[in-house]
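# Close look at the chain arrangement
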Amino acid sequence: MEVSAHRAFQMLKSLAYVRLSASPEEAKAAEVLKNACVEAGVDVHIEEFNVACGKINHAKLVVTAPYKKEYAVSGFERALSTPEGGLDAEFYYAEDLQEVHLKNCKGKIVMVNGLRRDDYKKLMKAGPAAILTFSGSVLDRESETDLGIKKLRETMTEPFGHAIALNMRAKDAAEIVRRGAKEMHIELDSECYDGVSRNVCAVIEGSKYPDEIVSFGAHFDSVHFSTGVYDNISGSVILVELMRYFAAHKPARTLKFNWYGSEEQGLLGSKAWVKAHEDELEKHVLMINVDVAAPTLGVNIAPVLGTEKTVGYVDALMKEIGVGCKVSMDIYSSDCVPFADNGVPAINLCRFGAPGANFIHDRRDNLKSGYLDENALGITLKQALHLAKRVVNAEVFPIERKISDEIKEKVDKYLFKKD
């Protein structure tokens, strides 16, 4: 059996629905991926893991002075609820949380331009009554966009505590600042619970070097409002094609194919897999990750979490098949990170959409938007197969099992091991 971009794209179409972390739709997609492995005669199973989830029952925001108007808001999943009857407090726009802003936050409903982990840490020390963020663009039309739903991840709440937090549209955020909002009433009814997510795990034993493992990964979950065909069913179906190929052409080394759930919640699937398989990681010689592919207008990139020698090797392989690809030694925010954190070098294969043809984490990441096609998907599939065949069947494994100090430092920072 040979790989087929057409077959992969047809499978992509069958999985073009929202697949939130720990949702029934994510479970449904996992079964589809598992069945593809079964049909290819490959050993496969599903590994479940717990995910901290949240549900918002009610969210409300009303500016009460100097004018009165209600604005649409969403609550952060896993945020604190307001007291019964809601919360009334002064409003303050703290922009980018410089020192001059932070001293004015205590006891107020504080709006910020963004909420990264460092921002959250500063805010929690400053003692606001609640946190308000905004998403989208001031040019967005409500009929064409969705009000973003965010989450207070454990990387924020475990070290710094929980907060009341809401999100609104950028257009509305601009209006309340422009009109000089001074006081607000907010309500938030939030529930926290543990959900179950899953990884689909397949293995093909090596015929010559079974104790050397090459790991392939792609995540198959999506975010709210998004079918995630670009991010990242495209990568998932490419992995299915690779699995089918090596099921028919037995590899010299052992191959592990993992389709990860809950990547969009902070790489939770790959983190869970690495933790569960810690004892075997010393046998892993490389991780190949595919995350985003198929935009008609785009550019191919390959961030490498390893060494400069690996960068040169991958660059040469791409030139062999005549594919333009920007190969660099850099971190990439995807399921490669937990492997690099455990000393396993990783290569990411991605095709980023060009400006105006790159829709991610919103309703436009769908097939109707018309910015994806099977020929473009075939570019990344071609790259992945060529790389895989060369490394998997090499007489001596061509990539050193080493992570450069530069990448180690970036991984540590990404995982908040260093502030």
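Right, let's walk through the structure included here.

Take helix α1 (residues 5–14) next. Considered for burial, the residues of α1 that qualify are A8, F9, M11 and L12. Relative to the axis of α1, the buried residues are bounded by an arc of 160° and lie together on one face. Its side-chain oxygen placed 3.4 Å from the backbone nitrogen of H6, S4 serves as the N-cap of α1.

On to the side chain of R117, then. Relative to the assigned elements, R117 resides in helix α4 (residues 117–126). Separated by 2.9 Å, the side chain of R117 and the backbone oxygen of T155 make a polar contact.

A separate point is the packing of helix α2 (residues 24–39) against helix α7 (residues 229–248). Look at α2 against α7: their axes get within 10 Å of each other, and the N-to-C directions meet at 15°. For the element pair α2 / α7, the angle class is roughly parallel. Both α2 and α7 take part in a crossing whose hand is right-handed. Within the contact between the two elements, α2 uses L33, A36 and C37 and α7 uses V240, M243 and R244. Taken together, the residues that form the contact of α2 with α7 break down as five nonpolar, no polar and one charged.

What follows concerns the packing of α7 against helix α11 (residues 374–392). With their axes 10 Å apart at the nearest point, α7 and α11 run at an angle of 40° to one another. If you check the angle between α7 and α11, you find them oblique. Helix-helix and strand crossings are classified by hand; for α7 and α11 the assignment is right-handed. Contact with α7, carried on its side by S234, V237, I238, E241, L242, Y245 and F246, involves L377, T380, L381, A384, L385, A388, K389 and V392 of α11 and no other residues of that element. For the contact of α7 with α11, the residue count by class is eleven nonpolar, two polar and two charged.

The next thing to look at is the pairing of strand β11 (residues 284–290). Of all seven residues in β11, seven are buried; the element is thus mostly enclosed. Bridge analysis of strand β9 (residues 209–219) against β11 gives five bridges, and the strand direction is parallel. Residue V214 lies in a different strand from β11, and its bridge partner there is L286. Note: β11 against strand β14 (residues 346–353), four bridges, orientation parallel. Each residue of the ladder has a partner; that of N289, found in β14, is N348.

Cut-offs used in this document
Residues numbered from 1 in each chain as written. Predicted model: local features only at pLDDT ≥ 70, side-chain atom pairs only at ≥ 80, totals over all residues. Heavy atoms only, no water. Buried < 20%, exposed > 50% of the residue type's maximum accessible area, 1.4 Å probe, protein only. Helix = DSSP H or I, 4+ residues; strand = E, 2+ residues; numbered from the N terminus. Arc of directions from axis to C-beta. Polar contact = N/O pair within 3.5 Å; in protein donor to acceptor, adjacent residues only side chain to side chain. Axes fitted to C-alpha atoms, helices over the stretch in contact; angles between N-to-C directions. Parallel < 35°, antiparallel > 145°, perpendicular 65-115°, else oblique. Left-handed = near helix turned anticlockwise from the far one by under 90°. Contact = heavy atoms within 4.5 Å. Nonpolar A, V, L, I, M, F, W, Y, C, P; charged D, E, K, R; others polar. Pairing = 2+ DSSP bridges.

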